[in-house]
Amino acid sequence: MELKIGDKIPNFTLNDANGNTFDSSSLLGKPSVVYFYPKDNTAGCTAQACSFRDQYEDFKDLGAVVIGISSDSVLSHQKFAKQYKLPFVLLSDASKKVRKLFGVPTGMFGLIPGRVTYVADKEGIIKMIFDSMMPKNHISNALKAIKKM
């Protein structure tokens, strides 16, 4: 089932890049950006992550949390975050259960995991969904949505 604007961010737990358990309930009380991306260390995904990194202070100044999710392993996320100095949380969804929970579609005729960004308010209600394989457009759209809250 694909999430829509007005739906609540579903409850889930995943491991972060340090192997710690992340619980989605920790997002409540602050605006959040949850973005799904295909794969660590690919050109588009690296550009997207680095763009979120470069504007991270803008999100932080607005009280927002940024979370990146892919099916890569905890170790892959650890290396990716360290190499590009990513200041936000990366979560490993190896089983793709959270991707399915959100209803993130696949791209390129079902061959590539989709790239979708969700912005939720402090109650966890989704206010914006941006589905595009154009990585850098996600950051500006997410920031605009956060500023409107």
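Thresholds, definitions, all that
- Residues numbered from 1 in each chain as written.
- Predicted model: local features only at pLDDT ≥ 70, side-chain atom pairs only at ≥ 80, totals over all residues.
- Heavy atoms only, no water.
- Helix = DSSP H or I, 4+ residues; strand = E, 2+ residues; numbered from the N terminus.
- Buried < 20%, exposed > 50% of the residue type's maximum accessible area, 1.4 Å probe, protein only.
- Pairing = 2+ DSSP bridges.
- Axes fitted to C-alpha atoms, helices over the stretch in contact; angles between N-to-C directions.
- Contact = heavy atoms within 4.5 Å.

A. Layout of unusual backbone geometry. Backbone geometry places Asn-41, a non-glycine residue, at a positive phi of 60°. Secondary-structure assignment places Asn-41 in the loop between strand 3 (32-36) and helix 1 (43-54). One non-glycine residue, Lys-96, lies in the positive phi region at around 65°. On the secondary structure map, Lys-96 appears in the loop between strand 5 (89-92) and helix 4 (97-102). Since its relative accessible area comes to 35%, Lys-96 is described here as partly exposed.

B. Up close: the sheet that holds strand 1 (residues 13-16). Spatially, the seven strands line up as an open sheet ordered 2-1-5-4-3-8-9, and their pairing is mixed. Two strands close off the open sheet at either side, each with one partner strand: strand 2 (21-23) and strand 9 (126-131). Ignoring strand direction, the axes of neighbouring strands in this sheet form an average angle of 30°. Inspection of the sheet shows strand 1 paired to strand 5 by two bridges, in the antiparallel sense. Each bridged residue has a counterpart across the sheet, and for Asp-16 the counterpart in strand 5 is Leu-91. Against the sheet, helix 1 touches strand 3, strand 4 (65-70) and strand 8 (116-120), its axis set at about 165° to strand 3. Lying on the sheet, helix 3 (residues 74-84) is in contact with strand 1, strand 4 and strand 5; it crosses strand 5 at an angle near 160°.

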